[in-house]
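Secondary and tertiary structure notes
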Amino acid sequence: MDNHEETTTISIPMPAKVNPAAKKALLILSCILLSIGNCGGPLIMRLYFIHGGNRVWLSSFLETAGWPFILVVLIILYFHRRAAGKDGDNKHTTFIYMRPRLFFAVAFIGVLTGLDDYLYAYGVARLPISTSALILAPHLAFVAVFAYLLVKQKFTPYSINAVVLLTVGAAVLALHTSSDRPEGESKKEYAMGFVMTVAAALLYGFVLPLIELTYNKAKQDITYTLVVEIQIVMCLFATIFCTVGMIANNDFEVIRREATSFELGPTKYYAILCLSALIWQCFFLGVIGVIFCASSLLSGIIIAALLPVTEILAVVFYKEKFQAEKGVALVLSLWGFASYFYGEYKLIKRSSEPKIFSRTNGDVST
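Residues numbered from 1 in each chain as written. Predicted model: local features only at pLDDT ≥ 70, side-chain atom pairs only at ≥ 80, totals over all residues. Heavy atoms only, no water.

Named according to an unreviewed UniProt entry, the protein is Probable purine permease originating from Lactuca virosa. The UniProt entry for the protein carries the following text under Subcellular location (unreviewed entry): "Membrane". The UniProt entry for the protein carries the following comment under Sequence similarities (unreviewed entry): "Belongs to the purine permeases (TC 2.A.7.14) family." (UniProt positions renumbered as here; feature names shortened; annotations may be inferred.)

Below, the structure is given as structure tokens:
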């Protein structure tokens, strides 16, 4: 060790103004929203492709196009602050918290999210739900690596165990991916779907820690209201990115014709599009809520742990095969999920224990 001292500047995020009880409730709500979006999003998107839809840019657009729904949440939070007088003066309650510096950072993340939406939609268009879901499972390993590099995420034996178990579960699922190519689809199309899905997993594994890093570098209080604003801006720019793709691909001109020829009829066609936008918005709102209350690693673990649930739902609704390997993966995923939360429980319990002080030669140490 060197004798001279080194000065290191560490960026610390501003404290979130949420009391522990509210933060716990918010985390639970975010986990529920994330679960709904993570399981329902792929299923409703696949339903569109199964019954005659074939517009990939449209599907990617719908993943974030539901952002206007979040304006309702923002308005409710505004009136709550106004009634509680949290900004000091009820008549001058702040409506927009986001500063320009944070706005441009979030806009960049939004563009990356739009690209990831397209990669993911392409994979879902070409692959069965069970296959695309398991290919996305290594996303957890990507999150862990980027979380370590970007936000110096600390790992415990329990979180490492969770990552390993969930990754092994995905590997077990991968044993039967070669025999599920949809009828009428070429090997090239199937291979492209596989590659695009892997790329989507890699990119989103980078985006989640990048959101957490943005929180850390924001240089302003990170409240839940600001988190909702971040969600809106991020989804807005992702939607703009996909809108450009739709215009280039003439998707807007085809929608009416596609609705007419849709196997379930035009009414259900438009209902599927609207429901898809709403469900995917639950996913994104859940993700940023979990990152706000906990970490990007936890959001990645929840997404990975829900993979077998998506597999089971695909079997129930789309009659996909459920091999023994999927049962093993389900057990491993639940084990990994339990491992992570047991580690968090022990950490919280340890931090709540009273500190033991010892006195030596008049000095007090902990």
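So much for the structure itself; the text now carries on.
1. Side note on the overall build of the protein
Looking only at helices and strands, the protein has 14 helices and 2 strands in total. Counting over 366 residues, the protein shows a buried share of 50%. For the protein, the accessible area works out to roughly 19000 Å², and carbon and sulfur atoms hold 66% of it. (Helix = DSSP H or I, 4+ residues; strand = E, 2+ residues; numbered from the N terminus. Buried < 20%, exposed > 50% of the residue type's maximum accessible area, 1.4 Å probe, protein only. Areas by Shrake-Rupley, 256 points an atom, 1.4 Å probe, with all protein chains shown as cover.)

2. Overview of unusual backbone geometry
Located in the positive-phi region is Lys219, a residue other than glycine, with phi close to 60 degrees. Although it is not a glycine, Asn250 sits at a positive phi angle of roughly 60 degrees. Within the fold, Asn250 resides in the loop between helix H9 (224-248) and helix H10 (251-261).

3. Digging into the nonpolar core
Formed by 92 residues in total, the largest nonpolar core has its most connected members in Leu58 and Tyr215. Element by element, the count of residues in this core is highest for helix H11 (residues 266-293), at 15 residues. Those residues within four positions of Leu58 in sequence are excluded, and the remaining contacts are Tyr48, Met246, Asp251, Ile255, Glu258, Tyr269 and Leu273. (Core = buried A, V, L, I, M, F, W, Y, C linked by side-chain atoms within 4.5 Å. Contact = heavy atoms within 4.5 Å.)

4. Quick word on a nonpolar patch on the surface
A contiguous nonpolar surface patch, about 620 Å² in accessible area, is contributed by Val145, Tyr148, Leu149, Phe155, Ile160, Val164 and Val168. If you list the elements that add at least two residues to the nonpolar patch, you get helix H6 (139-151) and helix H7 (157-173). One can find Leu149 in helix H6. (Patch = residues over 30% accessible without salt bridge, like charges linked within 9 Å, V, L, I, M, F, W, Y side chains within 5 Å. Salt bridge = Lys/Arg side-chain N within 4 Å of Asp/Glu carboxyl O.)

5. Overview of the environment of Thr214
In this structure, Thr214 sits in helix H8 (residues 187-216). Among the residues examined, Thr214 registers a relative accessible area of 10% and is labelled buried. Counting along the chain gives 112 residues from Thr214 to Leu102, while the straight-line C-alpha distance between them is 7.6 Å. Thr214 has contacts with Leu102, Ala105, Val106 and Ile109, leaving out every residue within four places of it along the chain.

6. What about the packing of aromatic side chains?
The full count for this structure, using the stated rule, is 17 aromatic pairs. An angle of 80 degrees between the planes, with centres 5.5 Å apart, marks the rings of Phe103 and Phe104 as edge-to-face. A relative accessible area of 29% means that Phe103 is categorised as partly exposed. A ring pair is formed by Phe283 and Phe284, whose centres lie 5.2 Å apart and whose planes are at 80 degrees; its orientation type is edge-to-face. A residue is classified by how much of its surface remains accessible, and Phe283, at 6% relative accessible area, is buried. On the accessibility criterion, Phe284 (3% relative accessible area) is buried. (Phe/Tyr/Trp six-rings, centres within 6.5 Å; stacked < 30°, edge-to-face > 60°.)

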